[in-house]
Amino acid sequence: MTASGTRDNPVTTTPDSVPSGCFWFVDPDGTLCLAPGCMARIQEPDAECLCDSLTTRYGRLAQKLRDLQERQQYADTWWHALRAAVEAHPAGRAVLADTQRRTGR
């Protein structure tokens, strides 16, 4: 279910398709009902819904992905700089050989 329903456009629900969070629905007898999913709506049906929306979740995940990509870019830069420093060192070949031996490669 992608839409959570509004007062003007309630969502059709079945026991297998109940959305998470707040949603408006029409009862079988035709009564417009709110199923609150957050404390704000429990206290006041017309309050702004504070439930997570897919957009909010996507935004958090997209930010987390950007953060992880930045961390990976920093790690890659650091790794290449370290590798270059080791290779430039007079004992660089011995250090690399010892590292390969320790890692089993």
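Placed above this text is the structure.
Residues numbered from 1 in each chain as written. Predicted model: local features only at pLDDT ≥ 70, side-chain atom pairs only at ≥ 80, totals over all residues. Heavy atoms only, no water.

Could you clarify how one ought to interpret the overall build of the protein chain in this entry?
When helices and strands are counted, the protein chain shows three helices and two strands. Mapped in sequence order, the helices and strands of the protein chain form the string β-β-α-α-α. Burial statistics for the protein chain: of 105 residues in total, 16% are counted as buried. For the protein chain, restricting intrachain contacts to residue pairs at least 6 apart in sequence, the fraction spanning at least 24 positions comes to 9%. In the form shown here, the protein chain has an accessible surface area of approximately 8,600 Å², with 55% of it arising from carbon and sulfur atoms. (Helix = DSSP H or I, 4+ residues; strand = E, 2+ residues; numbered from the N terminus. Buried < 20%, exposed > 50% of the residue type's maximum accessible area, 1.4 Å probe, protein only. Contact = heavy atoms within 4.5 Å. Areas by Shrake-Rupley, 256 points an atom, 1.4 Å probe, with all protein chains shown as cover.)

What should I look at first to understand the layout of surface pockets in this one?
Using a probe with the size of a water molecule, rolled over the atoms, empty space left in the structure can be pinpointed. Of the pockets and cavities examined, the second largest pocket occupies roughly 160 Å³. Lining the second largest pocket are W79, L82, R83, V86, V95, L96, T99 and Q100. A class-by-class count of the residues in the lining of the second largest pocket yields five nonpolar, two polar and one charged. (1 Å grid on protein atoms, 1.4 Å probe; cavity = no way out; pocket = protein on both sides within 12 Å on 5 of 7 lines; lining within 4 Å. Points joined across faces, edges and corners; volume = space filled by probe spheres on them. Nonpolar A, V, L, I, M, F, W, Y, C, P; charged D, E, K, R; others polar.)

I keep staring at the pattern of salt bridges and nothing clicks. Help me out?
If you walk through the whole model with that rule in mind, you get three salt bridges. Residue E87 is joined to R83 by a salt bridge in which the shortest nitrogen-to-oxygen separation is 2.8 Å. Highlighted residues: E87 and R83, both in helix 2 (residues 54-88), separated by four residues, approximately one helical turn. Among the charged side chains, a network of salt bridges with common partners joins D98, R101 and R102. (Salt bridge = Lys/Arg side-chain N within 4 Å of Asp/Glu carboxyl O.)

Teacher, can you tell me more about helix 3 (residues 92-103) here?
Because an α-helix packs 3.6 residues into every turn, residues spaced three or four apart end up facing the same way. Its 12 residues give helix 3 an end-to-end C-alpha distance of 16 Å, which sits within 8% of 16 Å, the value for a rise of 1.5 Å per residue. Downstream of helix 3 by one or two residues, G104 has phi in the positive range, about 75 degrees. (Expected span 1.5 Å × (residues − 1).)

Looking at this structure, I do not really get a nonpolar patch on the surface. What am I missing?
Taken together, the side chains of Y74, W78, W79 and L82 present a nonpolar region at the surface, about 490 Å² in accessible area. Within the fold, W79 resides in helix 2. (Patch = residues over 30% accessible without salt bridge, like charges linked within 9 Å, V, L, I, M, F, W, Y side chains within 5 Å.)

I keep staring at the pairing of strand 2 (residues 32-35) and nothing clicks. Help me out?
In this structure, strand 1 (residues 23-26) lies alongside strand 2, joined through four bridges in antiparallel fashion. Note that in strand 2 the partner of F23 across the bridge is A35. Between strand 1 and the antiparallel strand that follows it, strand 2, lie five residues; G30 among them carries a positive phi value of about 95 degrees. (Pairing = 2+ DSSP bridges.)

Where do I start with the environment of L96 in this structure?
Mapped onto the elements of the fold, L96 is located in helix 3. Residues L96 and V86, 10 residues apart in the sequence, show an inter-C-alpha distance of 7.6 Å. In this structure L96 touches R83, V86 and E87, once residues within four positions along its chain are discounted.

Teacher, can you tell me more about the environment of A47 here?
Looking at the secondary structure, you find A47 in the loop between helix 1 (39-43) and helix 2. Since its relative accessible area comes to 21%, A47 is described here as partly exposed. Apart from residues no more than four positions distant in its own chain, A47 is found in contact with A40 and R41.

Keep in mind that these numbers describe shape and distance, not what the molecule does.
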